[in-house]
Protein chains: 2
Amino acid sequence: MPTQHIVNAYDAELKFLANRIASMGGHAERMVDQAVQALVNYDTDLARRVIADDLVLDESQREIDDKAVIIIARRQPMADDLREIIGAIRISSDLERVGDLGKNIAKRVISITDHPQPIQLFRGLEALAQLALTQLKEVLDAFATRSVARISFVRDRDDDIDAMYTSLFRELLTYMMEDPRNIAACTHLLFCAKNIERIGDHATNIAETVYHIVTGEQMAAERPKEDKSHKVVLAAK
Amino acid sequence: MPTQHIVNAYDAELKFLANRIASMGGHAERMVDQAVQALVNYDTDLARRVIADDLVLDESQREIDDKAVIIIARRQPMADDLREIIGAIRISSDLERVGDLGKNIAKRVISITDHPQPIQLFRGLEALAQLALTQLKEVLDAFATRSVARISFVRDRDDDIDAMYTSLFRELLTYMMEDPRNIAACTHLLFCAKNIERIGDHATNIAETVYHIVTGEQMAAERPKEDKSHKVVLAAK
């Protein structure tokens, strides 16, 4: 048996989990990006493809869960590897939720196509999605490279996402007040915005998991996890 | 050493996890119940207590996570116990989210106190919360008794919750259209309703985890996880 072909089966199993997470991450990013494109362009065909695409993430999560439990039972891993395996379970659960949120945006596309809304609302949603997707990409890179150097920025940017969401929330409410015919469509856009804001939260969760995998420590408990939109009270016109 | 006092330390550790989950469950139920009471009665003091209460769940989740990893590393558990321990990690994460959703409802109380809304909207929210809390209580009972006999009902009732949520969503939209002065407050109530619907989803997640702990099998993949409110399109008046 040629020695260069001897692989450590255990390392290969851990590598399998990491690769699966990376591919779930790419899939989730694409779903969210396409859902927002479908929304902006009233593209119901693309929306339907995004909805169908969600099954892939559900199956991947299940596969990672099953595989992780098998690895733990068979290999009885020590602290470092155990953090890695439990971390994979956590991250795949966050990514599955990101896919759900993308799917939910896609579902709303079909409801708003008959009620076109002003372009600046969509620009706001696109900008919010761009921030959340940058966030997601960055934490997935941190996971792939096992690097926590830039992970503290993730929380700062989560504040930016929350602030932008709150401003969009206010804008949508104002627009609803100006013309009640906008209410149903704008409510769907409100939930789309909320979904994107939640994607940012899941990216922050993943950042915390990566930090724990790499350092063995928890990031400080206190973090601003909530948007401020609950404080919005508008004077009626 | 009296033999009747010899405890299996490992069993005690597993028991610790189960007890902590039970106490997190009770805490989360109480938070949601009180948040909805605070909303219905415009009780900002109670709302503030609910918001402060959320810290307990965050700390418990962290404690369960750390303890679970220590148990796995030290005891190298076999399949059954491993499912139990990984299950504890999953359930505590769902319960922590339920607490977050309760806290988010409580935060909105403070924004709507100056804009009283009709009592029937609150009745709808109360009824929805009642269904979600019954659901949560039932799955926590199933976890405590390791019984899956009634767990299939959980999905059926999740459909009821989704249907009631969609109807409330429609009612809130109609009310916003009737009078634009209601828009800001009703939007907060919409998000409260959505939060309660999500609590039902988390109860369903917990049901699936309990099923997996007890049987070693996954519940069938397909489940109606989404409400139908994304389809709501109202004719403007």
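One can find the structure itself at the top, above this paragraph.
Residues numbered from 1 in each chain as written. Chains lettered and ligands numbered in written order. Predicted model: local features only at pLDDT ≥ 70, side-chain atom pairs only at ≥ 80, totals over all residues. Heavy atoms only, no water.

With 27 residues, helix α4 (residues 119-145) of chain A should cover 39 Å at 1.5 Å per step; its first-to-last C-alpha distance of 39 Å lies within 8% of that length. Positive backbone phi, at 50 degrees, marks R146(A), one or two positions downstream of α4(A). (Helix = DSSP H or I, 4+ residues; strand = E, 2+ residues; numbered from the N terminus. Expected span 1.5 Å × (residues − 1).)

Another point: the interface of chain B and chain A. The accessible area lost on association of the parts is a frequent measure of interface size. Contacts between the two partners involve 51 residues from chain B and, on the opposite side, 51 residues from chain A. Together chain B and chain A conceal approximately 4,600 Å² of surface at their shared face, both sides included; 59% is due to carbon and sulfur atoms. The interface formed by chain B and chain A holds two salt bridges in total. D65(A) is the partner of R90(B) in a salt bridge, and the nearest nitrogen-oxygen pair spans 2.7 Å. Taken together, chain B and chain A are joined by seven residue pairs in polar contact (both at pLDDT 80 or more). Every element with two or more residues in the side of chain B that touches chain A is listed here: α2 (44-75), α3 (79-112), α5 (152-178) and α6 (183-215) of chain B. Here the element with the most residues in the side of chain B that touches chain A is α3(B); it accounts for twelve residues. For the side of chain B that touches chain A, the class distribution of residues is 25 nonpolar, nine polar and 17 charged. (Contact = heavy atoms within 4.5 Å. Buried area = accessible area lost by both parts, 1.4 Å probe. Salt bridge = Lys/Arg side-chain N within 4 Å of Asp/Glu carboxyl O. Polar contact = N/O pair within 3.5 Å; in protein donor to acceptor, adjacent residues only side chain to side chain. Nonpolar A, V, L, I, M, F, W, Y, C, P; charged D, E, K, R; others polar.)

The next point concerns the relation of the copies chain B and chain A. One copy of the chain maps onto the second through a rotation about an axis and a displacement along it. For these two chains of identical sequence, chain B goes onto chain A by a turn of 180 degrees and a shift of 0.0 Å along the axis, with RMSD 0.0 Å. With respect to symmetry, the two chain copies, as superposed, fit the operation of a two-fold axis. Of every C-alpha in chain B, the one belonging to Q76(B) sits nearest the axis of rotation, 2.7 Å from it. Of the interface residues in chain B, 100% have counterparts in chain A that sit at the interface too, so the contact is made through matching surfaces. (Least-squares fit on C-alpha atoms with pLDDT ≥ 70 in both.)

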